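Summary of the model geometry
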Amino acid sequence: MPTIVRTHLTALRALLVMTVLCGIAYPLLITGISQAVFSDKANGSIVKSDGKAVGSSLLGQNYNLPKKNPDDPKEEAQPDPKWFQPRPSANNYAGDNSGASNLGPNSDDLLKAVNDRRAAVAAFDGVDPASVPADALTASASGLDPHISVAYAKEQVNRVAKERNLPADTLNQLIDKYTEGRSLGFLGQEGVNVVLLNKAVSETK
């Protein structure tokens, strides 16, 4: 058999073996392990309410009122006062387009956006503009972060309590329950998962 033919056959056998090992066996093994050990996380950490998927605990989402004219792209959605609101998102929490605004600290556009958000959040929550936390004014790097600071969650308690006719103490207890510690115990700050918090609020009578 000519050398060139033997070389091509050897390469073909190697391709087939590696395809079976890396393209079939390994993915099946890892999928099986992930489903057996931590199936919830492997399947996207889906949050369900009344048996229906309402989101993922890993991804933030908007809690807005329905638009008066859904077909009008210029109409801005307004936040629903019955829900704890997430931090701003540069990509409107689109999971297929994560990222930040890329505006730097010297950007006039960023400064205007922060000032506008400060006034809007203060009016919405009925608080002093100076007390609005930083995460209520700026988006996360991914634009998908489901967490807000404990301070921002506490700021919204009175509004949500009034809209839902619930005791503020009940909501504060839920905030404490869904407050997650620092990453690895020392990175970042404590955060409240808004998706899980709002699910708990919706189930509270």
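Residues numbered from 1 in each chain as written. Predicted model: local features only at pLDDT ≥ 70, side-chain atom pairs only at ≥ 80, totals over all residues. Heavy atoms only, no water.

Considering the overall build of the protein
On a plain count of helices and strands, the protein comes out with 6 helices and 5 strands. Listed by position from the N terminus, the elements making up the protein come as α-β-β-α-β-α-α-α-β-β-α. Whereas a compact globule of 205 residues would reach a radius of gyration of roughly 17 Å, the protein reaches 24 Å, over 25% beyond that. On the principal axes, the C-alpha backbone points of the protein span a range of 85 × 45 × 45 Å. Out of the 205 residues in the protein, the part that is buried amounts to 27%. In the protein, once contacts between residues fewer than 6 apart in sequence are set aside, the share between residues at least 24 apart is 55%. (Helix = DSSP H or I, 4+ residues; strand = E, 2+ residues; numbered from the N terminus. Rg over C-alpha atoms; globule rule 2.2 N^0.38 Å. Buried < 20%, exposed > 50% of the residue type's maximum accessible area, 1.4 Å probe, protein only. Contact = heavy atoms within 4.5 Å.)

Notes on the sheet that holds strand 5 (residues 191–193)
The strand order 3-5-4 describes an open sheet built from 3 strands, whose pairing is antiparallel. For this open sheet the edge positions go to strand 3 (147–148) and strand 4 (179–180), each flanked by a neighbour on one side alone. Pairing of strand 4 with strand 5 involves 2 bridges; the strand directions are antiparallel. Counterpart to glutamate 180 in the pairing with strand 5 is glycine 191. (Pairing = 2+ DSSP bridges.)

Re the packing of aromatic side chains
Enumeration according to the criterion identifies 1 aromatic pair in this entry. With centroids separated by 5.6 Å and ring planes inclined at 35°, the aromatic side chains of tyrosine 63 and tryptophan 83 adopt a geometry described as tilted. In this pair, tyrosine 63 sits in the loop between strand 2 (52–56) and helix 2 (108–125) while tryptophan 83 sits in the loop between strand 2 and helix 2, placing the two residues 20 residues apart along the sequence. With relative accessibility at 10%, the residue tyrosine 63 sits in the buried group. (Phe/Tyr/Trp six-rings, centres within 6.5 Å; stacked < 30°, edge-to-face > 60°.)

Quick look at the environment of threonine 31
Within the fold, threonine 31 resides in helix 1 (residues 3–42). Taking the C-alpha atoms as reference points, threonine 31 and glutamate 75, 44 residues apart in sequence, are found 43 Å from one another.

A closer look at the pattern of salt bridges
Within the structure shown, the criterion is met by 5 salt bridges. A salt bridge links aspartate 80 to lysine 82, with the shortest nitrogen-to-oxygen separation between them at 3.1 Å. Between lysine 199 and glutamate 203 there is a salt bridge, with its nearest N and O atoms 2.9 Å apart. (Salt bridge = Lys/Arg side-chain N within 4 Å of Asp/Glu carboxyl O.)

So, the side chain of asparagine 91
Relative to the assigned elements, asparagine 91 resides in the loop between strand 2 and helix 2. Among the polar contacts listed, one links the side chain of asparagine 91 to the side chain of serine 89, at a separation of 2.6 Å. With sequence-adjacent residues up to four places away left out, asparagine 91 is seen in contact with Asn97, Ser98, Gly99, Ser142, Gly143 and Leu144. (Polar contact = N/O pair within 3.5 Å; in protein donor to acceptor, adjacent residues only side chain to side chain.)

A short note on the environment of threonine 179
Relative to the assigned elements, threonine 179 resides in strand 4. Here the alpha-carbon distance between threonine 179 and aspartate 145, two residues 34 residues apart in the chain, equals 14 Å. Threonine 179 has contacts with Val150, Glu190, Gly191 and Val192, leaving out every residue within four places of it along the chain. In terms of polar contacts, threonine 179 uses its side chain to reach the backbone carbonyl oxygen of isoleucine 175, at 2.5 Å.

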